Amino acid sequence: MKEILKNYIIDNYGAEMFQDIIQKNYLQYQYVEEEHNVKFLLNKANVILLQNELIRVAKKLEENDIKYIAFKGAILANRLYDNIYTRFFSDIDIFVLPEQFDKALTVLYEDGYILSYPNALSGVHHVALKKDKIVLELHRNILNPFTQIDETFLRSNLEILNLSGIDVTTFNITGTFLHLIYHLYMDTWLTHLDTYFVYSTKSLPMVNRFFARAYEIALFSEKYFDEISWKDIVSDIKKQKLRIIFNMMINDIIEIFPNAFPKHFINTVINMDYVYDERDILYEYIIDSKSSNATVENILGCRQHGISEGGKLSVIGDIGSFHLRCVFVESDIFPHRRNLFLNVCNFTAVFIREVLVGVAQILTVVFYPAEGDAVRGHF
């Protein structure tokens, strides 16, 4: 798999970009395993530290009759790699049921953990904790609720994985693979808040660390293909309320790793009914037609009006029967992605609450019908 990925990166980005790309995706240890390499040895020390701490915390939770699910990090290192020190990870992820969350938090406080930042308790996905050099994410939900993923299958398909002679509870093989897919979908969902990128480049943005996540999905499929219950995977995906960007994400994986999924899984993804918002009209067009820049611009009917003071950018366009005016404002919601298009009408109350807590500048989207009185939506 790593040779397939290497060839794809070199063919599409050039040999000179290979090292830079794999380092940004934290995949460099897949290609450098020398025990004398300083960075490799530092990663090995980090893996040992975090795995030992996961084992210790899991035992402490069990002693307090707290049911938990450990995932990502050390779990994937042991599931996927012959040499666990070739996988980079930086924290510990543990999910506990809502009714035991406060109890688990108290146990960790008593163990010396503190909040990673002042408003960490407001997180609806997880609460970030730290102790010395260790970061632990105690999850209220396995996936961020804005994805609307029903987690029933993930929470109920568990097994025991032995880590260094100690049993730890995690997802079973099928659950682990399904979580890998849903985790990349969650990242894809977040990345596609940036509609300005789509307008300005006439393409869909790449998820941060996409190559790493796609690589591990393909690697897991190759290693456990016969053990994965593909029937259960398809069944769970079909009942979810997924956006068309899920289709794009799977296609992007297949472009690199053609054999990552069986044919009936791919057919399901192609023929599924997806949940739409206004952004997905453009996404679906790009996915279906792989259109040229000019064609996408014609579909949008958009023209750029330039950048005004304060970092604002106005874009005017026609989509269907609506005249669309979008005002993009630099925001501190996600420091790594500063131009955000927020479709206020379709956002969940949970996400709005997080935005209100963290945002200093407000993005307003105003919709004007082509005919008749204006319909305004204010954030």
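Residues numbered from 1 in each chain as written. Predicted model: local features only at pLDDT ≥ 70, side-chain atom pairs only at ≥ 80, totals over all residues. Heavy atoms only, no water.

Undergrad: Explanation requested: the pairing of strand β6 (residues 158-163) in the structure shown.
TA: Two faces belong to every sheet, and in a regular strand the side chains alternate between them. As paired strands, β6 and strand β7 (residues 166-171) are joined by six bridges and run antiparallel to one another. From the neighbouring strand, N162 faces β7, where its bridge partner is D167. A loop of two residues connects β6 with β7, the two strands running antiparallel in sequence, and S164 in this loop sits at a positive phi of about 50 degrees. (Pairing = 2+ DSSP bridges. Helix = DSSP H or I, 4+ residues; strand = E, 2+ residues; numbered from the N terminus.)

Undergrad: Sorry if this is basic, but what is going on with the sheet that holds strand β1 (residues 68-71) here?
TA: Whether parallel or antiparallel, the strands of a sheet pair through hydrogen bonds between backbone atoms. The sheet built from five strands is open, its strands ordered β1-β2-β5-β4-β3 with mixed pairing. Pairing within the sheet leaves two strands with one partner each, and these edge strands are β1 and β3 (114-115). Where β3 lies against strand β4 (residues 126-131), two bridges are found, and the strand directions are antiparallel. Note on β4: the bridge partner recorded for I114 is K130. The sheet strands contacting helix α4 (residues 38-63) are β1, β2 (92-96), β4 and β5 (134-139), and the helix crosses β2 at an angle near 20 degrees. (Contact = heavy atoms within 4.5 Å. Axes fitted to C-alpha atoms, helices over the stretch in contact; angles between N-to-C directions.)

Undergrad: Any chance you could explain helix α11 (residues 230-239) here in plain terms?
TA: Those residues of α11 that fall on the buried side of the exposure criterion are W230, I233, V234, D236 and I237. Projected down its long axis, α11 carries its buried residues within an arc of 165 degrees, all on one side. Residues K231 and K238 are exposed on α11 and point more than 90 degrees away from its buried face. (Buried < 20%, exposed > 50% of the residue type's maximum accessible area, 1.4 Å probe, protein only. Arc of directions from axis to C-beta.)

Undergrad: How do you make sense of the environment of D273 when you look at a structure like this?
TA: With respect to the helices and strands, the residue D273 is situated in the loop between α13 (263-271) and α14 (278-289). We classify D273 as exposed; its relative accessible area is 72%.

Undergrad: What's the story with the side chain of T86 in this structure? I'm lost.
TA: Here T86 shows up in the loop between α5 (73-80) and β2. Since its relative accessible area comes to 3%, T86 is described here as buried. One polar contact links the side chain of T86 to the main-chain carbonyl oxygen of N83, over a distance of 2.8 Å. (Polar contact = N/O pair within 3.5 Å; in protein donor to acceptor, adjacent residues only side chain to side chain.)

Undergrad: Mind showing me how you'd approach the confidence of the model for the chain here?
TA: In low-pLDDT regions, the fine details of the predicted coordinates are not to be read closely. Taken residue by residue, the chain gives an average pLDDT of 78. The fraction at 70 or more is 69%. Predicted confidence is poor over residues 291-379, with pLDDT under 50, and the contacts of this stretch with residues over four places away or in other chains come to 157 contacts. (pLDDT = per-residue confidence, 0-100.)

Undergrad: Is there a simple way to explain unusual backbone geometry in this structure?
TA: Trans peptide bonds make up the majority, and among non-glycine residues the majority have a negative phi. With a phi close to 60 degrees, K72 is a non-glycine residue in the positive phi region. With respect to the helices, strands and loops of the structure, K72 is situated in the loop between β1 and α5. Using a relative accessible area of 22% as the deciding quantity, one classes K72 as partly exposed. Residue Q148 is not a glycine yet carries a positive backbone phi of 60 degrees. As for its position among the elements, Q148 is in the loop between β5 and α7 (152-156). Q148 sits in the partly exposed class, given a relative accessible area of 43%.

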